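Coordinate analysis (summary)
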Amino acid sequence: MEYAELPALRMAYRTWGPRRGRPVLLLPGGASDGSTWAAVAARLADDGLRSYAPDPRGFGASDRTGPYGLAVARDDVRALCDVLALDRPVLVGHSSGAVVAALFAEAHPDRVAALVLEEPPPPVPLGLRLPARPSGPLGYDWAAREAVVADLNKADPDGWARFTRITAPTLVVAGGPASHLPQADLARMAARLPAGDLVTIDAGHAVHASHPDEFVAALRAFLRSRWVNGA
């Protein structure tokens, strides 16, 4: 585990692969932290890629310091790239982490080489509900989880237009019928991206965790076909 001192935040992150390898920034979703990417990052290291998997603000070993939310997480990604001097990483995000990745790619198109959105919640009424807070200590700040779910449930009038402004080559990874997300909307999302591809891996919502081999194979194929200097 390593730590980056960001403005008003100490962020924990993990690394895999050669120090001079092409950077890949892996953003977790839900209540996960960077450890969820271990199996994927180990495989990417075999390709000579250098993976960075941070614990988002309020999760894992990062500071539990508000405010929280998707826009705050986007700005934390920018600060982390600044501190670690990450030059145009491949940005990979799962679930809410995919939304953060998309927000970053829209705001900073010159700072992203390629984008992978795994099961990104689309900008439609999702009606996501959190259960009652579990008793006992958690691996994250419950307020952070509440803030992210609240943001995902907000009606965003600019949501669909946002995808038309993402210029980076982008792969949308859908989880198929076992996912709780509307798969037709993920296909619609990919179609709106100027340089978007769609692949479906019948694995449910957490594709990278349950099917890491298939996920990495799709990632490798995408980078080779759409990103000149890919894996």
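Residues numbered from 1 in each chain as written. Predicted model: local features only at pLDDT ≥ 70, side-chain atom pairs only at ≥ 80, totals over all residues. Heavy atoms only, no water.

Taking the UniProt record as the reference, the feature "domain: AB hydrolase-1" (unreviewed entry) is found at residues 23-125. Segment residues 23-125 splits into 34% helix and 20% strand. End C-alpha atoms: 34 Å apart. (UniProt positions renumbered as here; feature names shortened; annotations may be inferred. Helix = DSSP H or I, 4+ residues; strand = E, 2+ residues; numbered from the N terminus.)

Here the largest pocket is characterised by a volume of approximately 380 Å³. Lining the largest pocket are 22 residues, with Leu70, Val99, Asp151, Asp156 and Arg162 positioned closest to its centre. Among the elements of the structure, α2 (70-84), α3 (96-107), α4 (142-153) and α5 (159-164) are those that each provide at least two residues to the lining of the largest pocket. At 4 residues, α3 tops the list of elements feeding residues into the lining of the largest pocket. Class assignment for the residues of the lining of the largest pocket results in 17 nonpolar, 1 polar and 4 charged. (1 Å grid on protein atoms, 1.4 Å probe; cavity = no way out; pocket = protein on both sides within 12 Å on 5 of 7 lines; lining within 4 Å. Points joined across faces, edges and corners; volume = space filled by probe spheres on them. Nonpolar A, V, L, I, M, F, W, Y, C, P; charged D, E, K, R; others polar.)

With respect to the element layout, serine 95 can be found in the loop between β5 (90-94) and α3. Leaving out residues up to four positions away in the same chain, serine 95 has contacts with Gly29, Glu118, Glu119, Pro120, Pro121 and His205. (Contact = heavy atoms within 4.5 Å.)

The side chains of a regular strand alternate, residue by residue, between the two faces of the sheet. Taking burial as the measure, the 8 residues of strand β2 (residues 9-16) include 6 buried ones, the bulk of the element. Bridging between strand β1 (residues 2-6) and β2 involves 5 bridges; their strand directions are antiparallel. For leucine 6, the partnering residue across the bridge sits in β2 and is leucine 9. Counting the residues that bridge the hairpin from β1 to β2 gives 2 residues, and of these alanine 8 lies at a positive phi of roughly 65°. The pairing of β2 with strand β4 (residues 49-54) spans 4 bridges and is classified as antiparallel. Within the sheet, the bridge partner assigned to threonine 15 lies in β4 and is tyrosine 52. (Buried < 20%, exposed > 50% of the residue type's maximum accessible area, 1.4 Å probe, protein only. Pairing = 2+ DSSP bridges.)

A separate point is the packing of helix α1 (residues 38-45) against helix α8 (residues 212-226). Between α1 and α8, the least distance of the axes is 10 Å, while the angle of their chain directions is 45°. The orientation of α1 relative to α8 falls into the category oblique. In terms of crossing hand, the pair formed by α1 and α8 is right-handed. Together, Ala39, Val40, Arg43 and Leu44 of α1 and Pro212, Asp213, Phe215, Val216, Leu219 and Arg220 of α8 make up the contact between the two elements. Looking at the contact of α1 with α8 residue by residue, the class counts come to 7 nonpolar, no polar and 3 charged. (Axes fitted to C-alpha atoms, helices over the stretch in contact; angles between N-to-C directions. Parallel < 35°, antiparallel > 145°, perpendicular 65-115°, else oblique. Left-handed = near helix turned anticlockwise from the far one by under 90°.)

Okay, the environment of alanine 191 next. Tracing the backbone shows alanine 191 in helix α6 (residues 183-192). Assessed through its relative accessible area of 65%, alanine 191 is described here as exposed. The sequence separation of alanine 191 and threonine 164 amounts to 27 residues, and the corresponding C-alpha distance is 9.1 Å.

A complete count under the given rule lists 1 cavity of 30 Å³ or more for this structure. Lining the largest cavity are 26 residues, with Pro28, Pro56, Arg57, Ala73 and Val100 positioned closest to its centre. Every element with two or more residues in the lining of the largest cavity is listed here: β3 (22-27), α2, α3 and α4. Looking at the lining of the largest cavity, the element that brings in the most residues is α2, giving 6 residues.

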